[in-house]
Amino acid sequence: MKPTVEVKTAVARFLKHMAAASRKTFPAWQKKLIEGLDDCDLSYDTQYALVDAHPIDDYYFAGVVALEAAKIRRLFAPDEASELLAAIGEKVDAVAGRQDRMVSDLLFFIVGRVEQAAHVDKQKMPHDEVVKALLQKLGIDRSEETVHLMREVLYRHELGEPLALGVPQWWQLFRTKYSLAGKPEAVSLSSAVPAPEQIPVPRKPRRAASFM
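How each quantity is defined
- Residues numbered from 1 in each chain as written.
- Predicted model: local features only at pLDDT ≥ 70, side-chain atom pairs only at ≥ 80, totals over all residues.
- Heavy atoms only, no water.
- Helix = DSSP H or I, 4+ residues; strand = E, 2+ residues; numbered from the N terminus.
- Buried < 20%, exposed > 50% of the residue type's maximum accessible area, 1.4 Å probe, protein only.
- Contact = heavy atoms within 4.5 Å.
- Expected span 1.5 Å × (residues − 1).
- Bend = angle between axes of the 7 residues up to and from the residue.
- 1 Å grid on protein atoms, 1.4 Å probe; cavity = no way out; pocket = protein on both sides within 12 Å on 5 of 7 lines; lining within 4 Å.
- Points joined across faces, edges and corners; volume = space filled by probe spheres on them.
- Nonpolar A, V, L, I, M, F, W, Y, C, P; charged D, E, K, R; others polar.
- Phe/Tyr/Trp six-rings, centres within 6.5 Å; stacked < 30°, edge-to-face > 60°.

**Student:** Explanation requested: the overall build of the protein in the structure shown.
**Tutor:** Tallying secondary structure elements over the protein gives 11 helices and two strands in all. Each helix and strand of the protein, ordered N terminal to C terminal, gives the series β-α-α-α-α-α-α-α-α-α-β-α-α. When the 212 residues of the protein are sorted by exposure, 48% land in the buried category. Counting contacts in the protein only where the partners sit at least 6 residues apart, residues at least 24 apart contribute 74% of the total.

Now the structure itself:
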């Protein structure tokens, strides 16, 4: 029998890993974004409106979380999925260091887009839907000088690479190792399964295995 994990504990660890993935992959994503905008030969005011006026790192973090969160309804029973998504929405803004709901609102907007795209055409790549949503959030589609970037498949593909290659398939791996708990006495991973760099010599190998 697989060990059980409380929803709030699973979500806390999920967001911790997504934050780490976001920090690791954001520089490459931002570099590619700026390169595309530089090719558009924008004025200072336009460049500011499209880039500097936005918390791009927070937008990107929302996209990273959304990429994985969009898989939850496919992997879990409806009641479990609803509980997981609600817990993510409750905690994600604080993880981003924000006092508002900007990250959670953008997160669920992107999740809806990814789920809808998969429903319409299963060949659509989730990371491409995330990229398009982020570009629209920046206003790339509303500027005459940059709107063409929305249609350039190669450019979107390059922007999607950090997401496709650098964000772990977290919930699928979770499902192979753990079950969500339905009772308060579930294992607390914060103590039973510490982060990899803190893992002591395990007394119970089954529960002390590295939690992704």
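**Student:** Would you mind showing me how to read helix α1 (residues 7-38) here?
**Tutor:** Taking 1.5 Å per residue as the helical rise, α1 with its 32 residues ought to reach 46 Å, and the 44 Å between its terminal C-alpha atoms agrees with that figure. Of all the bends in α1, the greatest reaches close to 45° and is centred on Thr 25; the proline Pro 27 follows between one and four positions later.

**Student:** I tried to follow the layout of surface pockets on my own but got confused; where do I start?
**Tutor:** Empty pockets left among the atoms are what a rolling probe the size of a water molecule brings to light. Of the pockets and cavities examined, the largest pocket occupies roughly 450 Å³. Leu 67, Lys 71, Arg 74, Val 114 and Pro 126 are, among the 20 residues lining the largest pocket, the residues nearest its centre. With four residues, the single largest contributor to the lining of the largest pocket is helix α6 (residues 102-120). Classifying every residue of the lining of the largest pocket gives 10 nonpolar, two polar and eight charged.

**Student:** What's the story with the packing of aromatic side chains in this structure? I'm lost.
**Tutor:** Geometry of an aromatic ring pair is reported as the spacing of the ring centres plus the angle between the planes. For the structure on display, the rule yields 11 aromatic pairs. Of the aromatic side chains, those joined through ring pairs into one cluster are Phe 14, Phe 76, Trp 170, Trp 171, Phe 174 and Tyr 178.

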